[in-house]
Amino acid sequence: MAKDAVADGSGTAGEPASRQPKRQREEGRKTSAIFVAVLIGAAAVFAAYMMSHSEDARGRGRYAAAMPALRTVAAQLLHPEKGILAADESPKTFGARLAGHPNKPSLRQTWRHILLTMPGLEAHISGVILHEETFAQAADLAAARAAGVLLGIKLDNGTAPMGPKQAGELHTRGLEGLASRCAPFHTQHGAAFAKWRAVFRVGPHTPSKAAIRRNAKDLASYAAAAQKCGLVPIIEPEVLADGDHDLSRATNASVRVLRGVFRALKKRGDVDVGAVLLKAAMVTPGSSSAVAATPEQVANATLRVLLGTVPRALPGVVFLSGGQSEELATTHLEALGRLAAERRAAGKPLPWALSFSFGRALQASAMKQWLAGDVPAAQQALLGRAAANALAQQGRAPQDPAAAAAAAAAAAAAAAAVP
Ligand SMILES: O=P(O)(O)OC[C@H]1O[C@](O)(COP(=O)(O)O)[C@@H](O)[C@@H]1O
């Protein structure tokens, strides 16, 4: 009997449970109950902490139901033979591209006029992202729209330093009043999409959790506001190439940032991720890194990051050029396009389209020609880069840019000749 009592855990060895004093049994039960309650409490606190602090925890929440009209616009932007021209430089950034020429509003206006009215632009450009100041150029906007080029508005107001604990890190401004600010771009100026850029530095202690959380939350708030305004949001969490970090640190930072961003989008519950485009940096070693990476290594690292973080429902990823030369950005895009084509051939297609949304890597040579006074050469240069990148995103070797420009111009002339 004593043996049974020990075996079923109900008493002390040698003394049946029924013979223990009642008070002693009750105290034992109370102690176990308190112990279990403390355990449950600690587990709950730990789980809550992990949910709110761990960047690796799976995001809770859901995406909003499909927004068909916005999904159609997203698909238009992701035309397989076209990409997006980023011409939304803030006045300060534009000035940095001018090689000493005075950064006057009229100069920016002239350059954007040349871009928006360029014959043949629509051959390989599906949309142009513009700075707010360009929305005053109504005739130029109308010309681009008439050619079938979608217009986008940069809705962020640039970056500002984060608190003293995140020295050197930045957050993006512009959420205040966004809901009312964004509507007229769609209703009065015909914008179809929008963009918001957040930046993350790779350093020994960055990007910090705080910077990721804050920027991810703000990107998600912007995406929701843009969709409510009737605009397809491009979210741009740019992991900067500045620095001497290697490919593996760039990979790690990109994974953490993108996880944070998609978790924040899901947590809101009012964003249709099927009507959002991700504008991402390719995963490369830092611009002052001692160790270079081949285009194949860059493409592999970039795809690995995207496959591990980006939901299948997102329609497309458009890459920024991030200070790479025009040729290098195209070479990297081509390596990515080749990987995507190989996966398709192997019956494992990527869930999203890959394309480009370059600023400098589309405009650098063109601007040089324009600043030297040769507008036709500027147009040729830009059309040539667009054509080369359109091929590259399909994994096809870019032709000689001059030949591609001539082909684009011929196509435009043929289209114009049709009555
Ligand atoms: O003027 P800002 O806000 O610094 O923007 C910088 C540029 O970065 C981009 O997001 C990406 O441009 P790049 O392709 O040249 O890196 C552009 O859309 C934008 O013009």
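Scroll up for the structure.
Residues numbered from 1 in each chain as written. Predicted model: local features only at pLDDT ≥ 70, side-chain atom pairs only at ≥ 80, totals over all residues. Heavy atoms only, no water.

A. Highlighting the nonpolar core. Core analysis: the biggest nonpolar cluster contains 91 residues, and Ile 235, Leu 278, Leu 306 and Leu 354 have the highest contact counts within it. It is helix H9 (residues 247-268) that provides the largest number of residues to this core, a total of 10 residues. Excluding its chain neighbours within four sequence positions, the residues that come into contact with Ile 235 are Trp 196, Leu 219, Tyr 222, Ala 223, Val 261, Phe 262, Leu 265, Val 276, Leu 277, Leu 278 and Lys 279. Ranked by size, the runner-up nonpolar core spans 16 residues in total, among them Ile 129, Val 232, Ile 234 and Ala 275. (Core = buried A, V, L, I, M, F, W, Y, C linked by side-chain atoms within 4.5 Å. Buried < 20%, exposed > 50% of the residue type's maximum accessible area, 1.4 Å probe, protein only. Helix = DSSP H or I, 4+ residues; strand = E, 2+ residues; numbered from the N terminus. Contact = heavy atoms within 4.5 Å.)

B. How the structure looks around the environment of Arg 338. Here Arg 338 shows up in helix H11 (residues 326-345). Accessibility expressed as a relative area gives 31% for Arg 338, which makes it partly exposed. The spatial distance from the C-alpha of Arg 338 to the C-alpha of Gln 393 is 8.0 Å, given a sequence separation of 55 residues.

C. Region of interest: the layout of surface pockets. Quantified by volume, the largest pocket comes out at close to 960 Å³. Where the lining of the largest pocket is concerned, the elements lending two or more residues are helix H4 (91-96), strand E6 (193-200) and strand E7 (232-239). Partitioning the lining of the largest pocket into residue classes produces eight nonpolar, 11 polar and 16 charged. (1 Å grid on protein atoms, 1.4 Å probe; cavity = no way out; pocket = protein on both sides within 12 Å on 5 of 7 lines; lining within 4 Å. Points joined across faces, edges and corners; volume = space filled by probe spheres on them. Nonpolar A, V, L, I, M, F, W, Y, C, P; charged D, E, K, R; others polar.)

D. Just the site of the ligand, in detail. The full set close to the ligand counts 16 residues, and Asp 88, Thr 93, Lys 154, Glu 236 and Ser 321 are the nearest of them. Glu 89 is positioned with one of its backbone polar atoms (N or O) 3.5 Å from an oxygen atom of the ligand. One of the backbone nitrogen or oxygen atoms of Gly 322 is found 2.8 Å away from an oxygen atom of the ligand. Look at the ligand: alone it shows 470 Å² of surface, and the protein chains cover 93% of it. Most atoms of the ligand, that is more than half of them, are within 2 Å of grid points of the largest pocket. Considering only residue class, the shell around the ligand consists of three nonpolar, five polar and eight charged. (Near = heavy atom within 4 Å. Polar contact = N/O pair within 3.5 Å; in protein donor to acceptor, adjacent residues only side chain to side chain. Areas by Shrake-Rupley, 256 points an atom, 1.4 Å probe, with all protein chains shown as cover. Sits in = over half its atoms within 2 Å of the grid points.)

E. Spatial organisation of the packing of aromatic side chains. Summed over all chains, the structure comprises four aromatic pairs. On the basis of an interplanar angle of 75° and a centroid distance of 5.1 Å, the ring pair of Phe 135 and Phe 185 is categorised as edge-to-face. With Phe 135 in the loop between strand E2 (125-130) and helix H6 (138-146) and Phe 185 in helix H7 (residues 178-187), the pair connects residues that are 50 residues apart, well separated along the chain. Note on Phe 185: relative accessible area 7%, which makes it buried. Ring geometry for Phe 356 versus Phe 358: centroids 5.5 Å apart, planes at 40°, classification tilted. Exposure class is identical for Phe 356 and Phe 358. Each is buried. (Phe/Tyr/Trp six-rings, centres within 6.5 Å; stacked < 30°, edge-to-face > 60°.)

F. Region of interest: helix H3 (residues 68-77). Leu 70, Val 73, Ala 74 and Leu 77 are the residues of H3 that are buried. Down the axis of H3, the buried set is contained in an arc of 100°. They therefore lie on one face. Of the residues in H3, the exposed ones pointing more than 90 degrees away from the buried face are Pro 68 and Ala 69. (Arc of directions from axis to C-beta.)

G. Here's a closer look at a positive patch on the surface. A contiguous patch of positive charge, built from Lys 209, Arg 213, Lys 217 and Lys 267, is present on the exposed surface. Sort the elements by how many residues they give to the positive patch and helix H8 (residues 209-228) lands first, with three residues. Mapped onto the fold, Lys 217 is located in helix H8. Assessed through its relative accessible area of 58%, Lys 217 is described here as exposed. (Patch = residues over 30% accessible without salt bridge, like charges linked within 9 Å, V, L, I, M, F, W, Y side chains within 5 Å. Salt bridge = Lys/Arg side-chain N within 4 Å of Asp/Glu carboxyl O. Lys, Arg positive; Asp, Glu negative; His and termini not counted. Charge placed at Lys NZ, Arg CZ, Asp CG, Glu CD.)

H. Inspection of the pairing of strand E10 (residues 353-358) at higher detail. In terms of burial, E10 is a largely internal element, five of the six residues being buried. Strand direction decides the pairing type here: strand E1 (residues 83-87) and E10, joined by two bridges, are parallel. What sits directly across from Ile 84, in E10, is Ser 357. Sheet analysis places strand E9 (residues 316-319) next to E10, joined by four bridges and oriented parallel. Note that in E10 the partner of Val 318 across the bridge is Ser 355. Following the backbone out of E9, through H11 and into the adjacent parallel E10, one traces a crossover that is right-handed. (Pairing = 2+ DSSP bridges. Right-handed = clockwise from strand over helix to strand, strands pointing away.)

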